[in-house]
Structure formats: C-alpha cells, structure tokens
Amino acid sequence: MDYEFINDIISLYIEAGILTFRIALLGIVGAVVVGLLCSLIKYYRVPVLQKIVGAYIELSRNTPLLIQLFFLYFGLPKIGIMLSSESCAIWGLIFLGGSYMAEAMRSGLEAVADIQVESGLSIGLTDFQVARYILLPQAITVSVPAFLANIIFLIKETSVFSAVALADLMYVAKDLIGLYYKTDEALLVLVLSYAVILLPISAVFTIAERKLRYAGFGN
Amino acid sequence: MDKEKALLEIEHLKKSYDSNIVLKDISLDIHKGEVVVVVGPSGCGKSTLLRCINGLEDIQGGDILLNGEIISNRKRNMHLVRQKVGMVFQSYELFPHMTILENITLGPVKAQKRNQSEAVSEAEELLRRVNLIDKKDAYPRQLSGGQKQRVAIVRALCMHPEIMLFDEVTAALDPEMVREVLDVMLGLAREGSTMVIVTHEMQFARAIADRVVFIDSGEIVEENTPSIFFTNPDTERARQFLNIFEFDAVKGVKNK
C-alpha cells in the first residue's frame, strides 16, 4: 500500500465528495417535493393525475438509475434538450427518488385512519386544514423510517453519476486507477469516503428514529 | 310543535351504498334544547343517520336543514356547517400528536379563527368542569378511555355548536368509565343543549331523553316519549327490541 499516494489523492476525494454530497442534497430535496406531491395525488385519488403518477412510479422504480441517466444525458439531446452532467445527475436522482419517496409517504398517509380525517372535518376544519394539522403530521411520523432509508439509498445511488461524466467520488477513483494503476489505494479511499459521508448520517437517523418512536404519540 | 321552529329538519332522507339501502325514508324534526335518543338494533342505520347530518356521508334522497337552510350534499362551505354541529365518536378520535389542550383549541383557533388565549381559557374552563384540567398538557395516549371521551365532548363543546351528535360514545368504554361520560352528558342536557344521542344504554336513554326514536331496518318504527317507549311501546317491533335488554327474556330462552 502506497501511503504517500493516498496522502496525495485525498484532496481530490474531498473535492469529489463535496460535489457528490451537494448533488445528493439537491436531488433528495427535489425527490421529497416530487414524492410529497405524488403521494398526495394518489391519496386523494385526483382523477387523471393519479394515473400519470402511477405510471411514473412504476417506470421509475422498475428501471435502473444508470439507464435513466443515459436517457437524460444521451437521449434528450436528440430532441434538442441539452443538460449538463450536473443537471442530469440531479434530475436523475429526483426522477428515481421521487417515486421511492412517494411510496414511503403514501404508506404513511394510508396508515392514518379515515375516521381521524372525519374527526378533523367534524370540528369544522377545511380539507386543507385537516391535511395540514391532522393528516400530514401523523403520516410523516409513520413514514420516517422508510423516508430515512430512502435518503441513504439515494446517496449511495450517486455512485453511478460517473457514467455521465460527472466528477464525483466514483469518477475520481476510476480516473486514478486508469492513470496510475493504483487500484487498491484508489478503491480503499473510495470506500472510506462513502463511509465518512454515510456513517454519520446513518447514526443521526438512528437516533432520530428512536426519539420519534419513544416520543411517539400513537395510541 | 311548530315546524318552523325546528332547529334541525330531516325530510325523507334516503341513504344507500350502491344497491344496499341503509336509510329508507327518515323524517325527523329536532327542536332547540331537545334531547333526542336514537335506539335500534345493530346495523339499523342509526350511526349512518348521524354521519349524514354531519355531512360525512352523501345522501341519495331528501333534505337535511339546519335553521331552515339545506345542509345536505353541499360541496361548498360544509366546514362552516360542521362548526355548528358537534360530533362525538365512539372511538373518541382525539388527535394523538397533540396535547389535550391543543386538541380542544384546534377547531376554535384554526377553523373559527378565534383568539388563541380566549380559546385556551375557555378550553381550560371546560376541562375544569369535566375534572380533567390536570391533564391539559398530557397526550391522549396517557388518558383512560373515559377521560378521552370527556375530552372529545369538550372539544366539540368548545366550538359552541348549535347541536351535538353523540355516536355510541360509551360503547368502547369499560363499565366503570361509562358513568363519568354519561354524567357529563346529563349535565349538558340540564343546561339545555340540543343533542341527538345514539346509544345502547337503555337506562341512560330513559333518563336523558325528551323523545326516543326507534329505528329498525333503515326506517323510523316508533317515536315516543321515554316513559311510554320504555314501559309500554306502541309497536310490536319496539317491544321485541326492548325485550332483548330484559334479564327475564334471557332466562326465558334458557328454560326452553
């Protein structure tokens, strides 16, 4: 093991790690927004839209992210839409994550008993107020474990971004292997980089989940 | 009784789920300050009647009027109607993620846009009345069934409804907790609240009712004063129904 080499390449990984993290963050925020909208459309059975959302969820969950990225990166230019590697990565992550988040949130919404909604209506709240004060707070608590698992899953999925020439962690590692043939070092630092990003997040999530469970207000 | 003065008028109400007819042709007037108890066998449609009044169910025929205004099958502003109609459910349906005080003030503050501190002080006043003021910052899961149901009644009351609907509110309670809930309702009746009560507690029904409505298979079979209904009902079906609650009748079956 060439420790001097490792020492030299760490700064490259930090840079790529920050890029990976930034893209993951934007993608996940977008996925949460898309997921919330889709889950509400399915929960309220909005005509027409619910069919579109259903098709989107099936398509997104049953195709690999790599293929989705190829469509964005190589397919869209054919119809005149050019996206940068970074935009492709973010949109790809939103496309994939949106459906997973939608399903996590929908299961939360459906776990709230209908009569809770009726109880809210019976004290004169509007549908919107019922959603805001009664339905969503309870649904979110149920969704949290799946929701957090999805976040970790999406961060890991970023490792395919190198396929659309985005200089993320995976890209840097492959680049170094190609240039210097130092496979062991490059891959070791790669694994450690993902661990450094994911382990703290995972630890925080575990604590958050436990807190929520015990503060749990469920009957 | 003068029809004009009825607070709630139900005219030829029909309710069905697809081909399954739940309420056939219900007409009923409820006047201000009146306590009407609805009794009948399970599945006769009495809970559905309350849900129709509160607009939780569409109806397939007839009209429901509150203060002379049609409130049935309204698409718009149903929430304004529901603010005048209090509902208490069998399973309490407190909001588990809110404290007792938040449960009670949610409607007044968010739906009626009343002043927060005014709503809180009224909620506390009502909680004091039902001996639950020490639970105001507790969560529903920390309360017993009877306590939860008293909170649910307070939550409905805090909206200043013109009429209160009670849907088998003691059916899910342990026997020793039934009393504390019924006492609260008796107190309300004495103060002149207008109430429609669906219940299986016959002793209670007799004590609280101004009028008893007996529903069977989706129609009103008998409407009577409690003293006549519980001692010598006009109809044979009411007589049979009341017999179920007699211990002698149970013994009679055994001796056969």
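Residues numbered from 1 in each chain as written. Chains lettered and ligands numbered in written order. Predicted model: local features only at pLDDT ≥ 70, side-chain atom pairs only at ≥ 80, totals over all residues.

Draft legend 1. The overall build of chain B, seen in detail. Secondary structure assignment for chain B yields ten helices and ten strands. Against the compact-globule benchmark of 18 Å for 256 residues, chain B has a radius of gyration of 19 Å, which places it among compact chains. Oriented by its inertia axes, the alpha-carbon framework of chain B measures out at about 60 × 45 × 35 Å. Across the 256 residues of chain B, 43% fall into the buried class. A separation threshold of at least 6 residues defines the contact pool for chain B, and within that pool the share at least 24 residues apart is 65%. (Helix = DSSP H or I, 4+ residues; strand = E, 2+ residues; numbered from the N terminus. Rg over C-alpha atoms; globule rule 2.2 N^0.38 Å. Buried ≥ 20, exposed ≤ 12 C-beta atoms within 10 Å, placed from the backbone. Contact = placed C-beta atoms within 7 Å.)

Draft legend 2. Focus on the sheet that holds strand S2 (residues 20-31) of chain B. The strand order across the open sheet formed by four strands is S2-S1-S4-S5 (chain B), and the pairing between neighbours is antiparallel. For this open sheet the edge positions go to S2 and strand S5 (69-70) of chain B, each flanked by a neighbour on one side alone. (Pairing = 2+ DSSP bridges.)

Draft legend 3. Region of the structure containing the interface of chain B and chain A. In this assembly, 22 residues from chain B lie in contact with 18 residues from chain A. Elements supplying a minimum of two residues to the side of chain B that touches chain A: helix H2 (78-82) and helix H3 (100-111) of chain B. A per-element tally of the side of chain B that touches chain A places H3 of chain B first, with four residues. Looking at the side of chain B that touches chain A residue by residue, the class counts come to ten nonpolar, seven polar and five charged. (Nonpolar A, V, L, I, M, F, W, Y, C, P; charged D, E, K, R; others polar.)

Draft legend 4. Structural view of the sheet that holds strand S3 (residues 35-39) of chain B. Residues and elements named next belong to chain B. If you trace the six strands from one edge of the open sheet to the other, you get S6-S7-S8-S3-S9-S10, paired in mixed fashion. Either end of the sheet is taken by a strand with one partner, and the two such strands are strand S6 (85-88) and strand S10 (219-224). Each adjacent strand pair in this sheet contributes to an overall mean axis angle of 20 degrees, direction not counted. Pairing between S3 and strand S9 (residues 211-216): four bridges, direction parallel. (Axes fitted to C-alpha atoms, helices over the stretch in contact; angles between N-to-C directions.)

Draft legend 5. A look at helix H7 (residues 169-180) of chain A. Along its twelve residues, H7 of chain A runs 16 Å from first to last C-alpha, staying within 8% of the 16 Å computed at 1.5 Å per residue. Just beyond H7 of chain A, the residue with positive phi is Tyr181 of chain A, at close to 60 degrees. (Expected span 1.5 Å × (residues − 1).)

Draft legend 6. Broad picture of the nonpolar core. Judged by nonpolar contacts, the single largest core of 129 residues is most densely connected at Val37, Val38, Leu165, Phe166, Val196 and Ile197 of chain B. In contact with Phe166 of chain B, other than residues within four places in its own chain, are Val88, Met185, Met195, Ile197 and Val198 of chain B. (Core = buried A, V, L, I, M, F, W, Y, C linked by C-beta atoms within 7 Å.)

Draft legend 7. Broad picture of the pairing of strand S4 (residues 61-66) of chain B. Residues and elements named next belong to chain B. Where strand S1 (residues 6-17) meets S4, five bridges bridge the pair, whose relative direction is antiparallel. Bridging across to S4, Leu8 finds its partner in Leu66. A loop of two residues connects S4 with S5, the two strands running antiparallel in sequence, and Asn67 in this loop sits at a positive phi of about 50 degrees.

Draft legend 8. Highlighting the packing of helix H4 (residues 85-111) of chain A against helix H6 (residues 127-157) of chain A. Residue and element names in this part refer to chain A. Between H4 and H6, the least distance of the axes is 7 Å, while the angle of their chain directions is 155 degrees. Judged by the inter-axis angle, H4 sits roughly antiparallel to H6. Here the hand of the crossing between H4 and H6 comes out right-handed. Side by side, H4 and H6 meet where Leu93, Leu96, Gly97, Tyr100, Met101, Ala104, Met105, Ser107, Gly108, Leu109 and Ala111 of the first sit next to Leu135, Ala139, Ile140, Val142, Ser143, Ala146, Phe147, Asn150, Leu154 and Glu157 of the second. Considering only residue class, the contact of H4 with H6 consists of 15 nonpolar, five polar and one charged. (Parallel < 35°, antiparallel > 145°, perpendicular 65-115°, else oblique. Left-handed = near helix turned anticlockwise from the far one by under 90°.)

Draft legend 9. Examining the pairing of S3 of chain B more closely. Residues and elements named next belong to chain B. In terms of residue burial, S3 counts as a mostly covered element, since five of its five residues are buried. Burial along S3 is two-sided: Val35, Val37 and Val39 and Val36 and Val38, pointing in opposite directions, are all buried. Where S3 and strand S8 (residues 195-198) come together, four bridges link them in parallel fashion. Along S8, the bridge assignment pairs Val35 with Met195.

By themselves, these figures tell us nothing about what the structure is for.
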